Amino acid sequence: MASRLLRAALRLALAIGAVASAAALPVTPAAAVPAGSVPCIPGALRQGLCSAFGRPERLGDGLVRTYARLDGGRPLAVGVLYPDAALRDLPTAMTDGHHCYDVDGDGRTDPETECLANHERVLALPRAVLGLPGMPLRWVLVNWNPMGHPPAGVYDRPHFDTHFYLQPKAERDAIRPGPCRGMMNCADYATATRPVPDAYLPADHQNRGQTEAGMGNHLPDLTSPEWHGAGFTRTFLYGSYDARITFLEPMVSLATLRGARTADPAAACSPVKQPKAWQQPGWYPRSYCVRYRPELRAAAVTLEDFVRHG
């Protein structure tokens, strides 16, 4: 009798543990799979239209995660979902202290002057995306900038930087902090600002030495309205390190994301200016979009209109 009671108690404990473990796992949002599509199965390249989600990370009062729509092995959209709750109660401190350097050597780091002004979230791409033949995107870095960042008068509004990395995360993490521009190690700054060959960078995107530790160089489109007196709303940048394109970056203001629900759907997408060639063969977007997805209850920042090169 005692052994039967012990076995019954053990089964009950295991059941309770299983329920608790399941509750701790990320849950796909209700109605998360758009009409006409099904969840993507990694490796099933001919399953037709499907949707995939990455593991969520906490931001504000909600969760952010990566998202993709695929069709028979072709990427239709790859992006990040910013649910309504994630855009509320966002951190207001200038920095989360991820990238700091004791510039004046006084034995401490001042968050106001010796740390990068952002809060970062590292997001994994859905496995179905990583398994696509020819997919150069590897992972995503979201930066929340509550006070914006330099240059002053251009990007100093609260905004999100959504970096789609072609570079392995370990290589990105090895870009060290230091006393040079962008709180960057001076040797790494020199490497970061090596010019990308003209064939691999659209002419309007310029190398202005806008570097950051743990990231690399930013190559903005100098024809974008915010460089000519208009208030910043959204734009697209290329990122580089050691003369190679390392990330693709839509930058979107907080006001624009919050206003996506009522924005004109016809204005959701903007072109991504194309280089003459890509250093790494694969799928690359010709547009980026900011739109509200009511079935996901989230604003979405996505790369779209992919074409395979090489």
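This text follows the structure it describes.
Quick caveat: nothing in here was measured; it's all calculated off a predicted structure.

Student: Explain the layout of surface pockets residue by residue, including any values.
Tutor: As a volume, the largest pocket reaches approximately 390 Å³. Around the largest pocket, the lining comprises 21 residues; the ones closest to its centre are Leu116, His149, Pro150, Gly182 and Glu212. The leading source of residues in the lining of the largest pocket is strand S10 (residues 210-212), at three residues. Residue composition of the lining of the largest pocket, by class: 10 nonpolar, eight polar and three charged.

Student: Lay out the sheet that holds strand S7 (residues 139-145) with the relevant residues and their values.
Tutor: A sheet is described by the order of its strands in space; here seven strands give the open sequence S6-S7-S8-S13-S12-S11-S10, paired in antiparallel fashion. In the strand order of this sheet, the two ends are held by strand S6 (119-124) and S10, each with one partner. Sheet twist, expressed as the mean angle between neighbouring strand axes with direction ignored, is 25°. The sheet contact formed by strand S8 (residues 159-165) and strand S13 (residues 244-253) spans five bridges and is antiparallel. Of the residues in S13, the one forming a bridge with Asp161 is Met251.

Student: Summarise the state of the cysteines; cite the residues concerned and give the values.
Tutor: Under the definition given, this model contains four disulfides. Sulfur-sulfur distance for the disulfide between Cys40 and Cys50 comes to 2.1 Å. Since a negative S-S torsion denotes a left-handed disulfide, the Cys40-Cys50 link at about 95° is right-handed. Placement of the pair is Cys40 in the loop between strand S1 (38-39) and strand S2 (49-53) and Cys50 in strand S2, with a sequence separation of 10 residues. Exposure class is identical for Cys40 and Cys50. Each is buried. The disulfide that involves Cys269 links it to Cys289, with 2.0 Å between the sulfurs. Taking the sign of the S-S torsion, about 105° here, the bridge from Cys269 to Cys289 comes out right-handed. A residue pair is termed long-range when its members are at least 10 positions apart, and Cys269 in strand S14 (residues 269-271) and Cys289 in strand S15 (residues 282-293) qualify at 20 residues. Sequence-ordered numbering of the bonded cysteines in the protein chain yields a pairing of 1-2, 3-4, 5-6, 7-8.

Parameters and conventions
Residues numbered from 1 in each chain as written. Predicted model: local features only at pLDDT ≥ 70, side-chain atom pairs only at ≥ 80, totals over all residues. Heavy atoms only, no water. 1 Å grid on protein atoms, 1.4 Å probe; cavity = no way out; pocket = protein on both sides within 12 Å on 5 of 7 lines; lining within 4 Å. Points joined across faces, edges and corners; volume = space filled by probe spheres on them. Helix = DSSP H or I, 4+ residues; strand = E, 2+ residues; numbered from the N terminus. Nonpolar A, V, L, I, M, F, W, Y, C, P; charged D, E, K, R; others polar. Pairing = 2+ DSSP bridges. Axes fitted to C-alpha atoms, helices over the stretch in contact; angles between N-to-C directions. Disulfide = S-S within 2.5 Å. Buried < 20%, exposed > 50% of the residue type's maximum accessible area, 1.4 Å probe, protein only.

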